[in-house]
Amino acid sequence: MIRVFNRYVPSRALVLLLGEILIFCGSFTLAVVLRSGVKSVGLISDVRTLSDIAGLTLLALICSHYMELYDLSWLNSPSQMYPRVLLLVGTLALVLAGLGSLFPQALLGREVLLTGLCILGVTWVLWRWAYGRIVFLPALRQRVYVIGNGKRAQRIVEAIRTRAELGMDLAGWAGRIDDDTRTAQSTGAVLRDLCSRHNIDRVVVALSDRRSIMPVDELLQLRLSGVQIEDGTTLLEKISGKIEVDDLRPSWLIFGEGFRLTGRYWFPRRTVSVLLALLLSLVTLPIIPLIALLIKLGSRGPVLYRQKRVGLKGVAFDCYKFRTMRPDAEADSGATWALDDDPRITKVGRFLRRTRLDEIPQIWNVLRGDMAFVGPRPERPEFVSQLSEQIPYYGLRHLARPGITGWAQINYGYGSSVEEAKEKLRYDLYYIRHISVLLDLVIVFYTIRAVIVGRGVR
């Protein structure tokens, strides 16, 4: 795992990305050589040609991102990935045809582009095929031994078994070590045997109670021999992008890195939030009158909806949204979560929710300082009091300003139950621990894709 923009990224994902860049650049460069012949040497060294190739590469990378081709879960089902690669090549052809008609002098030329796309289609599929086999080579994978059988240990074992992109293979699973000395001794014997045969690369300790008897001497011997010893909570954070709250020890929060919430981190994030809010207001300003008209024509009631939400340090504020429900939606039931196919949502409101246009008025909350552009989604006070009683560490999400979008929104989506709220909290705690301007920009980038595909809407 490599930390990029305060986000843990598998090293094999970066290898894939670098390989894609070489494939894209190489395909169009080869097309220039084949189509230009002896003139190709001068063309390739030409600044304009290089900028065109760089632009085509960037366009291909963006299209790949929005078609989720960098989601390494395809390693488990490669047959579903190849058609998507070919579909993307066709999409690129359509996009380039449109750009070529608008800016005919800005691209390499129709023949070069057509040749480059043909080369790209072949080399891309071959690269993905080769990559899918290289990452499974034993020399490039880690053998992992897990100690513990609680929820954390079970999640770790399940992730290792089902997620090939992690580059890990399960070497063994000790189960829970309790006060039975024989259990600890047998586990220690297994560890000594693995150490002597050099058949293990990492040991993950995922015990619910650290006071349980552990094979400390064997773990120390492994550590000094070069085997990585890692806490289960830390590993789960890296591979899942969230922090497990079940059995989370306060000491892990106290002594661990992150949670940088001082003033020097607040000011740049506040500046970026205001700039993004102003940019979004300029982009959406022309469609606001149309949205207001559709809401009025769709149902009786006000255009804007104001609702109390809990913000920074637990202080309530008025959150503004375009109205998506009937005016009397909670007259009888009181505060309730929105459900799938909720009958209270109007037809216009369903469209606004699916496209996230209902959240445009929250730009005002960002400018006022009630919210940030990126942060945990603000919850209603009625739900906060309920969730704080049932979910450990729930109040920690109020250490940061709530946001229009957030880490939980791009990874999980809407929560309409206590268990779903707990899952969102796991993502929110990860965000608060690694909070930074760069991470905010990454979340905004992924939010655009989430809006396009309609993920996390209810």
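A. Spatial organisation of the overall build of the chain. The helix and strand inventory of the chain stands at 18 helices and 10 strands. Among the 458 residues that make up the chain, the fraction classed as buried is 47%. Intrachain contacts of the chain at a sequence separation of at least 6 include 76% that bridge at least 24 residues. Entry remark: accessible area of the chain is about 22,900 Å², with carbon and sulfur atoms responsible for 62%.

B. Main features of empty space enclosed by the protein. Per the counting criterion, the structure on display carries 2 cavities of 30 Å³ or more. Within this model, the second largest cavity holds a volume of roughly 30 Å³. Along its surface, the second largest cavity is lined by Val 310, Pro 376, Arg 377, Pro 378, Arg 397, His 398, Ala 400, Arg 401 and Pro 402. Grouping the amino acids of the lining of the second largest cavity by side-chain chemistry returns 5 nonpolar, 1 polar and 3 charged.

C. Fine view of the nonpolar core. Core analysis: the largest hydrophobic core is formed by 46 residues, its most contacted members being Trp 407 and Tyr 431. At 7 residues, helix α17 (residues 418–433) tops the list of elements feeding residues into this core. Val 9, Val 85, Leu 108 and Val 112 belong to the second-largest nonpolar core, a separate cluster that totals 36 residues.

D. Structural context of unusual backbone geometry. Phi is positive for Lys 313, which is not a glycine, with a value near 60°. Mapped onto the elements of the fold, Lys 313 is located in the loop between β7 (304–310) and β8 (316–322). Its relative accessible area of 72% is what places Lys 313 among the exposed residues. For Tyr 393, which is not a glycine, the phi torsion comes out positive at approximately 65°. Tracing the backbone through its elements, the reader meets Tyr 393 in the loop between α15 (381–390) and β10 (403–405). Judged by relative accessible area, which is 26%, Tyr 393 ranks as partly exposed.

E. Summary view of the sheet that holds strand β6 (residues 228–231). With respect to topology, 4 strands assemble into an open sheet ordered β4-β3-β5-β6, the strand pairing being parallel. Each edge of the sheet is formed by a strand with only one pairing partner; in this case those strands are β4 (168–173) and β6. Each adjacent strand pair in this sheet contributes to an overall mean axis angle of 30°, direction not counted. Where strand β5 (residues 202–205) lies against β6, 4 bridges are found, and the strand directions are parallel. By the bridge assignment for β6, Val 203 is matched with Ile 229. Running over the sheet, helix α9 (residues 232–240) touches β4, β5 and β6 and is turned about 85° from β6.

F. Spotlight on the pattern of salt bridges. One pass over the structure, following the stated rule, counts 17 salt bridges. For Arg 155, the salt bridge is made with Glu 244, and the minimal N-O distance between the two is 2.8 Å. A residue pair is termed long-range when its members are at least 10 positions apart, and Arg 155 in helix α6 (residues 151–162) and Glu 244 in the loop between α9 and α10 (250–255) qualify at 89 residues. Among the residues examined, Glu 244 registers a relative accessible area of 1% and is labelled buried. Between Asp 231 and Arg 249 there is a salt bridge whose closest N-O contact spans 3.1 Å. Here Arg 249 lies in the loop between α9 and α10 and Asp 231 lies in strand β6, a separation of 18 residues in the sequence.

G. Spatial organisation of the confidence of the model for the chain. Confidence in the prediction for the chain averages 82 pLDDT; 85% of positions are at 70 or higher. In the model of the chain, helix α2 (residues 40–44) stands out as the element of lowest mean pLDDT, 53, in contrast to helix α14 (residues 362–368), which has the highest, 94.

H. Local environment of α6. The terminal C-alpha atoms of α6, which comprises 12 residues, lie 16 Å apart, in line with the 16 Å expected from a rise of 1.5 Å per residue. Within the span of α6, buried status applies to Arg 152, Ala 153, Ile 156, Val 157, Ala 159 and Ile 160. For α6, the angular spread of buried residues about the axis comes to 160°, placing them on one side. Where α6 is buried, its residues touch β3 (142–147), β4, β5, β6 and α9.

I. How the structure looks around a nonpolar patch on the surface. Among the surface-exposed residues, Val 95, Leu 99, Leu 102 and Phe 103 lie close enough to one another that they form a single nonpolar patch of about 360 Å² accessible area. Looking at the element boundaries, Leu 102 is found in helix α4 (residues 81–102).

J. Molecular detail of the packing of helix α1 (residues 11–36) against helix α5 (residues 110–134). At a minimum axis distance of 8 Å, the contact between α1 and α5 shows a crossing angle of 150°. As judged from the angle between their axes, α1 and α5 are roughly antiparallel. Helix-helix and strand crossings are classified by hand; for α1 and α5 the assignment is right-handed. Considering only residue class, the contact of α1 with α5 consists of 18 nonpolar, 5 polar and 5 charged.

What counts and what doesn't
- Residues numbered from 1 in each chain as written.
- Predicted model: local features only at pLDDT ≥ 70, side-chain atom pairs only at ≥ 80, totals over all residues.
- Heavy atoms only, no water.
- Helix = DSSP H or I, 4+ residues; strand = E, 2+ residues; numbered from the N terminus.
- Buried < 20%, exposed > 50% of the residue type's maximum accessible area, 1.4 Å probe, protein only.
- Contact = heavy atoms within 4.5 Å.
- Areas by Shrake-Rupley, 256 points an atom, 1.4 Å probe, with all protein chains shown as cover.
- 1 Å grid on protein atoms, 1.4 Å probe; cavity = no way out; pocket = protein on both sides within 12 Å on 5 of 7 lines; lining within 4 Å.
- Points joined across faces, edges and corners; volume = space filled by probe spheres on them.
- Nonpolar A, V, L, I, M, F, W, Y, C, P; charged D, E, K, R; others polar.
- Core = buried A, V, L, I, M, F, W, Y, C linked by side-chain atoms within 4.5 Å.
- Pairing = 2+ DSSP bridges.
- Axes fitted to C-alpha atoms, helices over the stretch in contact; angles between N-to-C directions.
- Salt bridge = Lys/Arg side-chain N within 4 Å of Asp/Glu carboxyl O.
- pLDDT = per-residue confidence, 0-100.
- Expected span 1.5 Å × (residues − 1).
- Arc of directions from axis to C-beta.
- Patch = residues over 30% accessible without salt bridge, like charges linked within 9 Å, V, L, I, M, F, W, Y side chains within 5 Å.
- Parallel < 35°, antiparallel > 145°, perpendicular 65-115°, else oblique.
- Left-handed = near helix turned anticlockwise from the far one by under 90°.

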